[in-house]
Amino acid sequence: MPELPEVETFKRYLDSRSLHQRITGVEVRDAYVLKGVSARELARRLKGRRFENTHRHGKHLFVRADDELWLRLHFGMTGSLEYLKRDEETPKTARVLFTFANNGRLAFDDQRKFGEIELIEDVDEFLQTRRLGPDAFEISLSQFKAIVGKHRGTLKAILLNQQLIAGIGNLYADEILFRAGMHPAAEAPSLSDKDLTRLFRATHYVLEKAIALKTDFNRLPKSWLLTRRGKGGRCPRCGRPLQSATIGGRTSWSCSRCQKRI
Ligand SMILES: [Zn+2]
């Protein structure tokens with residue numbers, strides 16, 4: 001599932017290929033993806049405009065087409081973006097295609113159909129309506145301490161709660177907790193000020209590193225948990241078998257030796 005690092009990677013990809021070109025057509029191949037807008041309306045509002053810039057908050061990507069017109073993209077379980085040059089073959093699971101004046105096309109690809117595309121007028125208003133917390137990559141240490149320090153519940157559930165901190169999903173939450181040496185089921189109120197700082201630094205490091213590597217799992221450091229999650233996986237630090245448990249409603253993988261319940 002695309003989490004903050006994946007969506008940031010899509011943002012940079014879109015920025016490098018699809019900005020400032022006149023949109024000449026919008027083809028909706030599967031309307032499930034449209035939220036609150038029809039295919040005809042989407043095309044009518046975007047045609048003749050250009051994607052001017054982008055903004056990401058948590059797992060949402062906003063693409064500005066005009067002062068009061070933003071395209072909101074959410075990638076669901078399997079969404080991604082692909083820029084197709086003239087005559088390049090369209091992927092089978094492309095759901096919406098934006099065509100530009102140079103005949104290049106930006107495809108919103110989504111195999112499992114949980115993605116969302118919407119037109120909105122105001123990004124801040126959208127964030128408030130959804131009550132999304134601060135972005136996990138932009139959040140300051142003091143904001144982080146105030147949010148995590150004052151909430152009850154397990155660390156895993158808190159990291160996954162988009163209304164507290166936006167952008168972290170199941171995989172990166174496990175990686176962050178592994179790096180911080182904290183068990184997913186550890187209770188937030190038991191963290192000291194020093195622990196909170198450590199968790200914040202682990203969050204920032206993991207997100208930054210994943211973005212720098214364009215979320216290519218083959219290039220992730222060998223010391224990471226991410227590629228070892230799953231049956232038979234062993235802790236990259238101590239070699240013990242990893243353990244799984246449902247915490248915060250999701251399957252968490254952790255090492256009982258390296259990660260303390262505090
Ligand atoms: Zn270990």
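Let me begin by describing the structure that accompanies this report. From a predicted model like this one, the values you see are computed outputs, not experimental measurements.

Most of helix α6 (residues 170–180) sits out of view: 9 of its 11 residues are buried. Turning to α6, its buried residues number three or more, namely Asn-170, Tyr-172, Ala-173, Asp-174, Glu-175, Ile-176, Leu-177, Phe-178 and Ala-180. Packed against the buried residues of α6 are α1 (4–17), α5 (155–160), α7 (193–212) and β10 (250–254). With its phi angle positive at about 70°, Gly-181 sits one or two positions after the end of α6.

Attention now goes to the pattern of salt bridges. A side chain with one charge may pair with a side chain of the opposite charge, provided their charged atoms come close. Counting across every chain of the model gives 18 salt bridges. One salt bridge connects Lys-113 with Asp-30, and the closest N-O pair in it is separated by 2.9 Å. With Lys-113 in the loop between β7 (105–110) and β8 (116–120) and Asp-30 in the loop between β1 (23–28) and α2 (39–46), this pair connects stretches of sequence that are 83 residues apart. Judged by its relative accessible area of 41%, Lys-113 falls in the partly exposed class. Of the charged contacts in the structure, one is a salt bridge between Arg-64 and Asp-67, with a shortest N-O distance of 3.0 Å. Overall, Asp-67 belongs to the exposed group, its relative accessible area being 59%. When salt bridges that share partners are traced, they join Glu-8, Arg-12, Arg-56 and Asp-135 into one network.

Taken together, the side chains of Glu-68, Glu-121, Asp-122, Asp-124 and Glu-125 present a region of like negative charge at the surface. Tracing the backbone shows Asp-124 in helix α3 (residues 123–129).

Before going further, it helps to spend a moment on the sheet that holds strand β6 (residues 94–100). Strands sit in the order β1-β6-β7-β5 across an open sheet of 4 strands; the sheet is antiparallel. Each edge of the sheet is formed by a strand with only one pairing partner; in this case those strands are β1 and β5 (79–84). Along the sheet, successive strands turn relative to each other by an average axial angle of 15°, direction set aside. Relative to β7, β6 is paired through 5 bridges, and the arrangement is antiparallel. Looking at the pairing, Ala-94 lines up with Asp-109 of β7. Against the sheet, α1 makes contact with β5 and β7, and its axis sits at roughly 20° relative to β5, the strand it touches most. Strand contacts of α2: β1 and β6, with the helix running at about 170° to β1, the strand carrying the most contacts.

On to a positive patch on the surface. Taken together, Arg-17, Lys-85, Lys-209, Lys-214 and Arg-219 make up a surface patch of like positive charges. Overall, Lys-85 belongs to the exposed group, its relative accessible area being 59%.

We now examine the packing of aromatic side chains. Counted according to the given criterion, the structure contains 8 aromatic pairs. Ring geometry for Phe-51 against Phe-98: centres 5.6 Å apart, planes inclined by 75°, an arrangement best described as edge-to-face. In this pair, Phe-51 is assigned in the loop between α2 and β2 (53–57) and Phe-98 in strand β6, connecting sequence segments 47 residues apart. A relative accessible area of 1% means that Phe-51 is categorised as buried. Ring geometry for Phe-62 versus Phe-126: centroids 5.6 Å apart, planes at 70°, classification edge-to-face.

All right, on to α7 then. Taking 1.5 Å of rise per residue, the 20 residues of α7 would be expected to cover 28 Å, and the 29 Å separating its terminal C-alpha atoms lies within 8% of that figure. As for α7, its buried residues are in contact with α1, α4 (141–149), α5 and α6. Two residues or fewer after α7 comes Lys-214, characterised by a positive phi angle close to 50°.

Inspection of the secondary structure puts Ser-18 in the loop between α1 and β1. Apart from the residues within four sequence positions on either side, Ser-18 is in contact with Phe-51, Tyr-83, Phe-100 and Leu-106.

Thresholds, definitions, all that
Each chain has its residues counted from 1, following the order in which its sequence is written. Reporting in this predicted model follows two pLDDT cut-offs: at least 70 for local features of residues, and 80 or more for side-chain atom pairs to be given and counted; totals over whole chains, interfaces and linings ignore these cut-offs and use all residues. The side-chain figures draw on all heavy atoms in the structure; neither hydrogens nor water molecules are used. With a 1.4 Å probe rolled over the protein chains alone, any residue whose accessible area is under 20% of its type maximum counts as buried; one over 50% counts as exposed, and the rest are partly exposed. Counting from the N terminus, the helices are DSSP H or I runs at least four residues long and the strands are E runs at least two residues long. Only heavy atoms enter the contact rule, under which two residues are in contact if any of them lie within 4.5 Å. Salt bridge, as used here: a side-chain nitrogen of Lys or Arg that lies within 4 Å of a carboxyl oxygen of Asp or Glu. The residues that make up patches have over 30% relative accessible area and no salt bridge, and they are joined within 9 Å when like-charged or within 5 Å when they are Val, Leu, Ile, Met, Phe, Trp or Tyr. Computed by Shrake-Rupley with a 1.4 Å probe, the accessible areas treat only the displayed protein chains as cover when residues are assessed. Positive charges come from Lys and Arg, negative ones from Asp and Glu, while His and the chain ends are left out of the count. By convention, charge coordinates are those of NZ in Lys, CZ in Arg, CG in Asp, or CD in Glu. Pairing between two strands requires that DSSP report at least two bridges joining them. Here, axes are lines fitted to C-alpha atoms. For helices the fit covers the stretch in contact, and angles between N-to-C directions go from 0 to 180 degrees. The criterion for an aromatic pair is that two Phe, Tyr or Trp rings (for Trp, the six-membered ring) have centres within 6.5 Å, with stacked assigned to planes under 30 degrees apart, edge-to-face to planes over 60 apart and tilted to the rest. Any helix carries an expected span of 1.5 Å times its number of residues minus one.

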